[in-house]
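Structure at a glance
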Amino acid sequence: MMRVSLILLWTMNLVQRNVPQAAGVQVFPPVNFTLTVSALAQVLLHWKPNPNQEQKNYTIRYDVKILSPVPEEYDTKKTHSIRTAALHNGFSAHVRTLLLHNDLQMTSDWVKEELLPLPGAPETSVTNLSCVTHITISSTVSLHCTWLPGRGAPEHTEYFLFYRYETYTEECQDYIKDKWNRNTECRFSVTHIDPEEVDKLIVIHINGSSKYAAIKPFQQLFNQNAIEKVNVPRNVTVFLEQNDLLATWEKPISPFPKECFEYEFYLFNLKSGNKQILKISSNDFRLWIDVTNRYSIQIRANHHICCTRGFWSDWSEVIYVGKN
């Protein structure tokens, strides 16, 4: 019985392996596969159909596999693709032909191409890069980034920061220096970042120069909403109605509607020392309190639902309510 099963399994495998040959179809890999850096942290993948590939009534697509720096796989009808990625440690990808014939999908061999890491001495890149955006009263977006010099960077290394948003790239003009006169902070009071966009990427690129070493560039991608320091809730009003504390406020300065925000309500009993932080999704709040005590109240905000959460806002100014 086992021998019969093995023969049957071997026969099925043989039939499956011979299907493409029996159909008389060959699948050839793409040709002229190239990777081109088209902007800061942006790669154009481009290839051409194999001239030996028969067209007929076949459906031809391409399977693309990004190997590094971040693995990703997708298929496309086009012969080009654009990807945004940090390129300081290089970039590599595979592409192959997918051919659909009589409900059977066949694939070619992979074609591989790669970009080498950006040149520079080890441990000269910046470290601990951190960035924060902020929506101003005039509905523009500011950007503030900080970093630490690389451990292997000479003391008098000069670092230079660029940001890219969509197709716009700008170099920093406002640096703050450390005690060795090295740039370690950058401020853009106004940027081309669109405050109404959701979860778009901000590319930060920092290169450097030194008389004593080749400084390796560094790139990092940030989600614009994830690094936004949300504004403080406005017009906070608190009053007592018998034994109930009532609070109302307006959403922070932002193009997003009020439904997009959540709040933390901080209540501190000055008499007992008890503290409460309550999460609230609306712009008003009612809570029973002991009116014989005195309380301090603060509120802060963050994104909710509409986009990726950012950094919590600062707390609002302290408001006191209750006895005395």
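Since we're looking at a predicted model, the values are computed, not measured.

A few points about the overall build of the protein chain
When helices and strands are tallied, the protein chain shows one helix and 23 strands. For a compact globule of 324 residues, the expected C-alpha radius of gyration is about 20 Å, and the protein chain comes in at 29 Å, more than 25% above that figure. Counting only C-alpha atoms, the protein chain reaches 90 × 65 × 40 Å along its principal axes. Per-residue burial over the protein chain gives 40% buried out of 324 residues. Contacts spanning at least 24 positions in sequence make up 63% of the contacts within the protein chain whose residues lie at least 6 apart. Roughly 18,300 Å² of accessible area belongs to the protein chain as shown, and the carbon and sulfur atoms make up 53% of that amount.

With respect to the sheet that holds strand β2 (residues 42–48)
Taken together, three strands build an open sheet; the order of strands is β1-β2-β5 and the sheet is antiparallel. Looking at the sheet topology across the chains shown, the edges are occupied by β1 (31–39) and β5 (80–84). Strand-to-strand twist in this sheet, taken as the mean axis angle between neighbours without regard to direction, amounts to 20 degrees. As defined by bridge partners, β1 adjoins β2 across six bridges and the pair is classed as antiparallel.

Quick word on the environment of Phe222
Along the chain, Phe222 falls in strand β16 (residues 218–223). For Phe222, a relative accessible area of 8% corresponds to the buried category. Through-space distance from the C-alpha of Phe222 to that of Val132 is 9.4 Å; in sequence the pair is 90 residues apart. With near-sequence residues (within four places) excluded, Phe222 lies in contact with Leu129, Cys131, Lys200, Leu201, Ile202, Ile204 and Ile227.

A few points about the pairing of strand β3 (residues 59–68)
Pairing of β3 with strand β6 (residues 91–101) involves nine bridges; the strand directions are antiparallel. Across the sheet, the residue bridging to Tyr62 is Thr97, located in β6. With five bridges joining them, β3 and strand β4 (residues 72–76) adopt antiparallel strand pairing. By the bridge assignment for β4, Asp63 is matched with Asp75. Turn length for the β3-β4 hairpin, with the two strands adjacent in sequence and antiparallel, is three residues.

Some details on the sheet that holds strand β23 (residues 319–322)
Taken together, the four strands give an open sheet; going across it, the order is β20-β19-β22-β23, and neighbouring strands pair in antiparallel fashion. Since the sheet does not close on itself, it has two edges, and those belong to β20 (275–280) and β23, each with one partner. Neighbour-to-neighbour, the strand axes of the sheet open up by a mean angle of 25 degrees, direction not taken into account. When strand β22 (residues 294–303) meets β23, the two strands line up antiparallel, connected through four bridges. Bridged to Ile297 within β23 is Ile319.

A few points about the UniProt feature "domain: Type I cytokine receptor cytokine-binding" (unreviewed entry) in the protein chain
Under the feature "domain: Type I cytokine receptor cytokine-binding" (unreviewed entry), the UniProt entry names residues 128–226. Annotation note: span residues 128–226, helix share 0%, strand share 53%, distance between end C-alpha atoms 17 Å.

Examining the side chain of Asn183
Here Asn183 lies in strand β14 (residues 183–188). For Asn183, the side chain forms a polar contact with the main-chain oxygen of Tyr159, separated by 2.8 Å. For Asn183, the contacting residues outside a window of four places in its chain are Trp147, Glu158, Tyr159, Tyr175, Ile176 and Lys177.

Section: the nonpolar core
Grouped together as the largest cluster of nonpolar side chains are 24 residues, with contacts concentrated most on Leu129, Cys131, Cys145, Trp147, Leu161, Ile204 and Ile206. When residues no more than four places from it in sequence are discounted, the contact partners of Ile204 are Leu129, Cys131, Leu143, Cys145, Leu161, Phe162, Tyr163, Phe218, Gln219, Gln220 and Phe222. Counting 21 residues, the second-largest nonpolar core is a separate cluster that includes Val230, Val238, Ile289 and Ile299.

Some thoughts on the packing of aromatic side chains
Counting across every chain of the model gives eight aromatic pairs. Following the ring pairs from residue to residue traces out a cluster consisting of Trp249, Tyr263, Phe265 and Phe285.

What counts, and where the lines are drawn
Residues numbered from 1 in each chain as written. Predicted model: local features only at pLDDT ≥ 70, side-chain atom pairs only at ≥ 80, totals over all residues. Heavy atoms only, no water. Helix = DSSP H or I, 4+ residues; strand = E, 2+ residues; numbered from the N terminus. Rg over C-alpha atoms; globule rule 2.2 N^0.38 Å. Buried < 20%, exposed > 50% of the residue type's maximum accessible area, 1.4 Å probe, protein only. Contact = heavy atoms within 4.5 Å. Areas by Shrake-Rupley, 256 points an atom, 1.4 Å probe, with all protein chains shown as cover. Pairing = 2+ DSSP bridges. Axes fitted to C-alpha atoms, helices over the stretch in contact; angles between N-to-C directions. UniProt positions renumbered as here; feature names shortened; annotations may be inferred. Polar contact = N/O pair within 3.5 Å; in protein donor to acceptor, adjacent residues only side chain to side chain. Core = buried A, V, L, I, M, F, W, Y, C linked by side-chain atoms within 4.5 Å. Phe/Tyr/Trp six-rings, centres within 6.5 Å; stacked < 30°, edge-to-face > 60°.

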